[in-house]
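Spelled out from the first residue to the last, the chains are:
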Amino acid sequence: MRRLSIIIIPILFQLVLAGCRNSREPISSTPSPYFVTANVEGQAEVDMDIRVPRKTISKRSRVVIQPELRDSMDSVVATLRPIVLDSRVYAKKLRRDEVLDHYVDPYAAERQTVKKRTRDLSIHYVDSIHLPAGIDNAQLIATLSNDGCGSCTGFGEIPLGSVVREVPPEPEKVELPLEWQKKEFVVKPKIREGRGEAHLQFTINLHDIDPTLADNRRELQSILDSLRPILSDTLATLTSLTICGTASADGPLSFNTPLSERRARAAAQWLAEELDMPQEIYDMIQITSYPEGWQPVLDAMRAAGDRDTTAVAQILEKYKYENDDVAERYIRKLPCWPRIRERYLQKDRKVIYTYTYRIRSFVTDEELQTMWILRPDAFNEEELLQVATLQPSAVEMIRVYEYTLLRYPDCQMAANNLAILYFETGQYTRAWDFSIRHNLLDATQLEEYLGSLPATEKGGDL
């Protein structure tokens, strides 16, 4: 804790009084040096001994020592208790004037009679100092006056010291209750997955792809939009592609299953032509199919609030362990079958495609830095955490960690280090919100840490 004190410089000054020969030695103070501490309100106690050498006071004089506080413009801002010393002759004359002429002495409460002026006089001086508000630095000076020799009045000054207001101590800074996290960079394969569905319509009992039917062109385009960026990406390698056709609920399963496979293969051939797919990529395509069943029909009936929904649901529950042909046999016997066939049997067939691909890994620091600028989307979590450590400034590190959390919201290390960077760069409001949102710190910890920061360090962010 830094404390500023009132330093009263040792007094060793001569009292020079114009026209009088009543001082051969200087007035002085003890102890020397003398120190007084003031609080933040400007209050301090003066406690010293003033030595007045013999014959400082003439036979008929009065000496007044008046301590004052003066600002930088030498203006008096406060006055302390004076020391008033009267010779015996001066004291007798003063009493006569008070009795005969009713004279009122302004120093009546402070005056004291020096009985033996031929001896050194030691005065124990105690008083309070108050530094006015708005003034943080002042000089403590004692003015000296002499009157009583009958023909002159003299003035002098004794500089006593400096008065400086104590600055409130800054609270002890609390360490940020977060520690920087780092882990060894390990290169990991970057395998990514994708999935999509295309709802295609086919001519009854045929498997040929006809882009002109219904929304086929738009549905087929969605598959192209998913696969073309991967096949054209120099950093990506397609590792698997599965195309699955779905069998219709109505009709024999033995007929629908191979038909759905042929439709899936037709979709694969169409894609290979549109994408100019290399033979090795086409050869890796896997063709599968599965029965779509009657569940989509039941869901559609429920959504429409159809009154026969319960009857269909009961049949599906009863024969849930049989194949679709068994349930279809009983559904076709319901009086509502014509309505079911007309309204709820899907006219399109789903073609489901799933794929995986590998992104080239970045290994060296130079490669990480270059690819961070060119292709941040190609990074995995480990690479992003590593490239953050390579950034030359806190601002750039913040950018990397913010991007990392956009891609990997559960990355605890990125969140932890980003919070620390927000604090270190003075973004306290953002750091507060971020730490609470990511459960890194609670409000009590934040208040304790931020409350310990110097006001100059907080700036205007809080």
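Shown above is the structure to which this text applies.
Computed from a predicted model, the values in this text were never measured in an experiment. (Residues numbered from 1 in each chain as written. Predicted model: local features only at pLDDT ≥ 70, side-chain atom pairs only at ≥ 80, totals over all residues. Heavy atoms only, no water.)

Visitor: Run through the sheet that holds strand 16 (residues 349-359), naming residues and quoting values.
Guide: Strand order in this open sheet of 4 strands is 13-16-14-15, and the pairing throughout is mixed. This sheet does not close on itself; its edge strands, each paired only once, are strand 13 (190-200) and strand 15 (285-291). Neighbour-to-neighbour, the strand axes of this sheet turn through a mean angle of 20 degrees, independent of strand direction. Sheet topology places strand 14 (residues 236-247) next to strand 15; 7 bridges connect them, and they run parallel. When the bridges of strand 15 are listed, Cys244 appears paired with Thr288. (Pairing = 2+ DSSP bridges. Helix = DSSP H or I, 4+ residues; strand = E, 2+ residues; numbered from the N terminus. Axes fitted to C-alpha atoms, helices over the stretch in contact; angles between N-to-C directions.)

Visitor: Break down the environment of Gly156 for me, citing the residues and quoting the values.
Guide: Mapped onto the secondary structure, Gly156 falls in strand 12 (residues 153-164). Remark: the alpha-carbon pair of Gly156 and Ile65, spanning 91 residues in sequence, is separated by 9.4 Å. Residue contacts for Gly156: discarding those within four places in its chain leaves Ala142, Thr143 and Leu144. (Contact = heavy atoms within 4.5 Å.)

Visitor: Give me the environment of Thr288: which residues, what numbers.
Guide: Within the element layout of this structure, Thr288 appears in strand 15. For Thr288, a relative accessible area of 32% corresponds to the partly exposed category. Separated by 143 residues in the primary sequence, Thr288 and Ser145 place their C-alpha atoms 116 Å from one another. In contact with Thr288, not counting residues within four places along its chain, are Thr242, Ile243, Cys244, Gly245, Glu261 and Ala264. (Buried < 20%, exposed > 50% of the residue type's maximum accessible area, 1.4 Å probe, protein only.)

Visitor: Run through helix 14 (residues 443-451), naming residues and quoting values.
Guide: Leu446, Tyr449 and Leu450 are the residues of helix 14 that are buried. Looking straight down helix 14, one finds its buried side chains confined to an arc of 90 degrees; they lie on one side. Residues of helix 14 that are exposed and angled more than 90 degrees away from the buried face: Thr444 and Glu447. Two to three positions downstream of the cap, the backbone nitrogen of Thr444 sits 3.1 Å from a side-chain oxygen, assigning the N-cap of helix 14 to Asp442. (Arc of directions from axis to C-beta. Polar contact = N/O pair within 3.5 Å; in protein donor to acceptor, adjacent residues only side chain to side chain.)

Visitor: Any chance you could break down the nonpolar core for me, citing the residues and the numbers?
Guide: In globular proteins that are soluble, nonpolar side chains generally tend to be buried together. Within the largest apolar cluster, 65 residues are counted, with the highest numbers of intra-cluster contacts made by Ile243, Tyr355, Phe379, Tyr401, Phe423 and Phe434. Not counting residues within four places of it along the chain, the set of residues in contact with Phe379 comprises Lys190, Arg192, Phe362, Leu368, Met371, Trp372, Leu384, Val387, Arg407 and Tyr408. Counting residues in each nonpolar core, the second largest holds 30 residues, with Ile27, Val52, Ala78 and Leu144 among its members. (Core = buried A, V, L, I, M, F, W, Y, C linked by side-chain atoms within 4.5 Å.)

Visitor: Before we move on, can you summarise helix 6 (residues 309-318) with the specific residues and values?
Guide: Turning to helix 6, its buried residues number three or more, namely Thr309, Val312, Ile315 and Leu316. All buried residues of helix 6 lie within an arc of 130 degrees about the axis, which places them on one face of the element. Turned more than 90 degrees away from the buried face of helix 6 sit Thr310, Gln314 and Lys318, all of them exposed. In this structure, the buried residues of helix 6 make contact with helix 5 (295-304), helix 7 (324-331) and helix 8 (337-343).

Visitor: Run through the packing of aromatic side chains, naming residues and quoting values.
Guide: Under the definition given, this model contains 11 aromatic pairs. Aromatic side chains Phe362 and Phe379 sit 5.0 Å apart centroid to centroid with 55 degrees between the ring planes, which places their arrangement in the tilted category. Here Phe379 lies in the loop between helix 9 (365-374) and helix 10 (381-389) and Phe362 lies in the loop between strand 16 and helix 9, a separation of 17 residues in the sequence. By the burial criterion, Phe362 is buried, and Phe379 matches it. The interplanar angle of 50 degrees and the centroid separation of 6.5 Å between the aromatic rings of Phe423 and Tyr428 together place this pair among those described as tilted. A residue is classified by how much of its surface remains accessible, and Phe423, at 2% relative accessible area, is buried. Aromatic rings pair up to connect Phe362, Trp372, Phe379 and Tyr403 into one cluster. Lying across the ring of Phe362, Lys190 places its NZ or CZ 4.0 Å from the centre. (Phe/Tyr/Trp six-rings, centres within 6.5 Å; stacked < 30°, edge-to-face > 60°. Lys NZ or Arg CZ within 6 Å of the ring centre and 35° of its normal.)

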